[in-house]
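Residues per chain, in single letters:
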Amino acid sequence: MDRSVVRVLLAAWERPDFRAGLRHLIDLDEVTSLLAALAVDDPDHPDDEVRRRAMELLRSALETAEIRAAVLLLVETDDIRHSLAAAIAENLADRPDLAASIRSALDDPAVRAEIRDALESPGMRTLVWKVLEDEFRGHRLTLVREVALLLLRHRPARRLAWALKRHGVIRELRRRPAPA
């Protein structure tokens, strides 16, 4: 939950049609305050606490089919997708080839379809959350094991991995960043 990405989410959140579609499903005020807290440095709220709240909210939200569909529709929106790619590129300034491959993958409708398919699998969502929690806690070995299980157990994960490979994302993830 980098601040650049959060700013993109805030821009999406401010779209009246997006908020109206979610109004009956989630607490809009909670999401607004959480996104605002994530977007700025606030010494009263440690990053870990806010990030954990965001992860919990996102996890519960993505279990709702309507919210999942609304979030995925945002990625289909050119300006949001391009803003997201720019935020990712900003975070990966030391790895421009990785940023370019991610942007290429996000611009590919087939990759976006694979992302949708992957997120429709409850087992896949469970494993993805476990991977994210392990990453958040810094459990690198567990992270590698969970990613391996994800690829072995879930066909949508394998298809998504192949789609990302076609765009060079996997190759660029394997490359070590250039020394600073």
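These lines cover the structure that appears in this document, whether it is placed above or below.

**Examining the packing of helix α5 (residues 65-76) against helix α8 (residues 109-120)**
In helix packing, the relevant descriptors are the interaxial angle and the interaxial distance, both defined with respect to the helix axes. Between α5 and α8, whose axes approach to 11 Å, the crossing angle comes to 165 degrees. Classified by the angle between their axes, α5 and α8 sit roughly antiparallel to one another. Regarding α5 and α8, the two cross each other, and that crossing is right-handed. Taken together, the residues of α8 that come into contact with α5 (itself represented by R68, L72, V75 and E76) are R112, I115, R116, L119 and E120. Here the contact of α5 with α8 is composed, by residue class, of 4 nonpolar, no polar and 5 charged.

**Points about the packing of α5 against helix α6 (residues 78-91)**
Contact geometry of α5 with α6 gives a least axis separation of 5 Å together with a crossing angle of 80 degrees. Considering the angle they form, α5 stands roughly perpendicular to α6. Where α5 approaches α6, its residues L74, V75 and E76 are matched on the opposing element by D78, I80 and R81. Split into classes, the residues belonging to the contact of α5 with α6 amount to 3 nonpolar, no polar and 3 charged.

**A word on the environment of A100**
Tracing the backbone shows A100 in helix α7 (residues 96-107). Judged by relative accessible area, which is 47%, A100 ranks as partly exposed.

**Concerning the nonpolar core**
Residues L92, V111, M124 and L150 are the most contacted members of the largest nonpolar core, which totals 16 residues. Of all the secondary-structure elements, those providing two or more residues to this core are α6, α7, α8, α9 (122-137) and α11 (155-166). If you tally residues by element for this core, the top one is α7, at 4 residues. Once you skip the residues sitting within four places of it in the chain, M124 turns out to touch A118, L150, H154, P156 and A157.

**Some words on the pattern of salt bridges**
Applying the stated criterion across every chain yields a total of 10 salt bridges. Among the ionic contacts, a cluster of salt bridges with common partners joins D78, R81, R103 and D107.

Basis of the calculations
- Residues numbered from 1 in each chain as written.
- Predicted model: local features only at pLDDT ≥ 70, side-chain atom pairs only at ≥ 80, totals over all residues.
- Heavy atoms only, no water.
- Axes fitted to C-alpha atoms, helices over the stretch in contact; angles between N-to-C directions.
- Helix = DSSP H or I, 4+ residues; strand = E, 2+ residues; numbered from the N terminus.
- Parallel < 35°, antiparallel > 145°, perpendicular 65-115°, else oblique.
- Left-handed = near helix turned anticlockwise from the far one by under 90°.
- Contact = heavy atoms within 4.5 Å.
- Nonpolar A, V, L, I, M, F, W, Y, C, P; charged D, E, K, R; others polar.
- Buried < 20%, exposed > 50% of the residue type's maximum accessible area, 1.4 Å probe, protein only.
- Core = buried A, V, L, I, M, F, W, Y, C linked by side-chain atoms within 4.5 Å.
- Salt bridge = Lys/Arg side-chain N within 4 Å of Asp/Glu carboxyl O.

No statement about biological role is implied by the geometric values presented.
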